[in-house]
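Structural overview
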Amino acid sequence: MENTADQIKYPDLTHEIHPVLASRWSPRAYSDQPVEKEKLQRMVEAARWTPSSRNLQPWCFMFGFKGDTVYNVIFDSMVEFNQLWVKTAPVMALAIGITQDENGRVNSSYLYDLGQAMAMLTVQASSDGLYIHQIGGFDHERVSSALAIPAANSVVSAFTVGYLGNPEILHPNLLKLELSPRSRKPLAAFVFDGHFGSKASFL
Ligand SMILES: Cc1cc2nc3c(=O)[nH]c(=O)nc-3n(C[C@H](O)[C@H](O)[C@H](O)COP(=O)(O)O)c2cc1C
């Protein structure tokens, strides 16, 4: 762990977890280093083997690479705050949920399943030394229409992919965020047994 930001972002763990999970965080400063094709292939392969309700696999991922149309469309749809930093990433992508099953009925599990696929993709990327930053702050309608995403496909989130860059390239406000420690609720706030709200006894 040579990068200072990596050190600052390393979590204050209550219990040991897998190093790949512990070292994942969402940067805003990326380097120019391109992402290898093989690593992108492994990311989407990891997503492919995600469990899903009825094995419907209700997800799609659409990738843009710096300079191409998809990348520019995603960038243009970002809120101002995100436009300050996303352009440092060599790859930008969309996580898209398929909202209906094969009979045209609403799949109530699509968001849950897409989220899991995204998590698997992220873990694989992290284990390959890549960093992912998921993004909700963009104009979903604008992206859908500019990229002709068919109805029944819902653009849920965007994300950046790449290698860690020098935080100094960031706007001063973002630099502060990039070098601030990460925080989480304590386990007792969300892990229960006995009755709802009661801290699990195994903690
Ligand atoms: C669905 C989703 C939407 C997010 N939207 C944004 C966003 O619009 N802009 C941003 O800078 N970060 C965004 N984030 C990143 C979160 O702020 C970040 O994951 C959270 O603060 C925890 O930090 P960590 O990922 O470094 O642990 C988003 C994350 C998720 C999962």
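See the structure printed just above.
Every chain begins its residue count from 1, and numbering advances along the sequence as written. In keeping with the predicted nature of the model, local features appear solely for residues at pLDDT of at least 70, side-chain atom pairs appear and are counted solely at 80 or more, and the whole-chain, interface and lining totals rest on all residues. Neither water nor hydrogens contribute to the side-chain values; these are computed over all heavy atoms in the structure.

What follows concerns the pattern of salt bridges. The salt bridge definition used is simple: a Lys or Arg side-chain nitrogen within 4 Å of an Asp or Glu carboxyl oxygen. Counting across every chain of the model gives 3 salt bridges. Between E45 and R48 there is a salt bridge, with the nearest N and O atoms lying 3.0 Å from each other. Of this pair, E45 and R48 are both found in helix α3 (residues 37-48), 3 residues apart, which corresponds to roughly one turn of the helix. Relative accessibility thresholds used throughout: buried, under 20% of the residue-type maximum; exposed, over 50%; partly exposed, between the two (1.4 Å probe, protein chains only). R48 gets classed as partly exposed once you look at its relative accessible area, which sits at 47%. R54 is the partner of D101 in a salt bridge, and the nearest nitrogen-oxygen pair spans 3.3 Å. One end of the pair, D101, is in the loop between β2 (91-98) and α6 (110-127); the other, R54, is in the loop between α3 and β1 (59-65), with 47 residues separating them in the sequence. What makes R54 exposed here is its relative accessible area of 53%. A run of H or I in DSSP becomes a helix once it reaches four residues, and a run of E becomes a strand once it reaches two; helices and strands are each numbered from the N terminus.

On to unusual backbone geometry, then. The backbone phi angle of N55 is positive, close to 55°, even though this residue is not glycine. Here N55 lies in the loop between α3 and β1. For A148, which is not a glycine, the phi torsion comes out positive at approximately 55°. Along the polypeptide, A148 turns up in the loop between α7 (140-146) and β4 (153-162).

On to the environment of A148, then. Residue class for A148 comes out exposed when judged on its relative accessible area of 65%. Spatially, the C-alpha atoms of A148 and A119 are 26 Å apart, while their sequence positions differ by 29 residues.

Now for the sheet that holds β1. Spatially, 4 strands are ordered β1-β2-β4-β3 in an open sheet, and the strand pairing comes out antiparallel. The open sheet is flanked by β1 and β3 (131-135), the only strands paired with a single partner. Across the sheet, the mean angle from the axis of one strand to that of its neighbour is 25°, orientation sign disregarded. Relative to β4, β3 runs antiparallel, the two being bridged by 5 bridges. Directly across from I135, in β4, lies its bridge partner A158. Here a residue-residue contact requires only that any non-hydrogen atoms of the pair lie within 4.5 Å. What counts as an axis is a line fitted to C-alpha atoms, over the stretch in contact for a helix, and the angles between N-to-C directions run from 0 to 180 degrees. Against the sheet, helix α4 (residues 69-77) touches β1, β2 and β4, its axis set at about 80° to β2. Each of β1, β2, β3 and β4 is contacted by α6, which is oriented at about 45° to β1, the strand it contacts most. Pairing between two strands requires that DSSP report at least two bridges joining them.

This paragraph deals with the site of the ligand. By convention in this text, a residue qualifies as near a molecule or strand provided that one of its non-hydrogen atoms is within 4 Å of it. What surrounds the ligand is a group of 14 residues, the closest being S26, R28, H133, G136 and R184. Residues adjacent in sequence count toward polar contacts only when both atoms are side-chain atoms; beyond that, a polar contact is any pair of N or O atoms within 3.5 Å, and within protein one must be able to donate a hydrogen and the other to accept it. Here a nitrogen atom of the ligand and a backbone polar atom of G136 are 2.8 Å apart. Contributions of two or more residues to the shell around the ligand are made by α5 (80-83) and β3. Among the elements that line the shell around the ligand, the one with the most residues is β3, at 3 residues. Residue classes follow a fixed rule: Ala, Val, Leu, Ile, Met, Phe, Trp, Tyr, Cys and Pro count as nonpolar, while Asp, Glu, Lys and Arg count as charged, and any other residue, Gly among them, counts as polar. Looking at the shell around the ligand residue by residue, the class counts come to 4 nonpolar, 6 polar and 4 charged.

None of this, on its own, says anything about what the molecule does.
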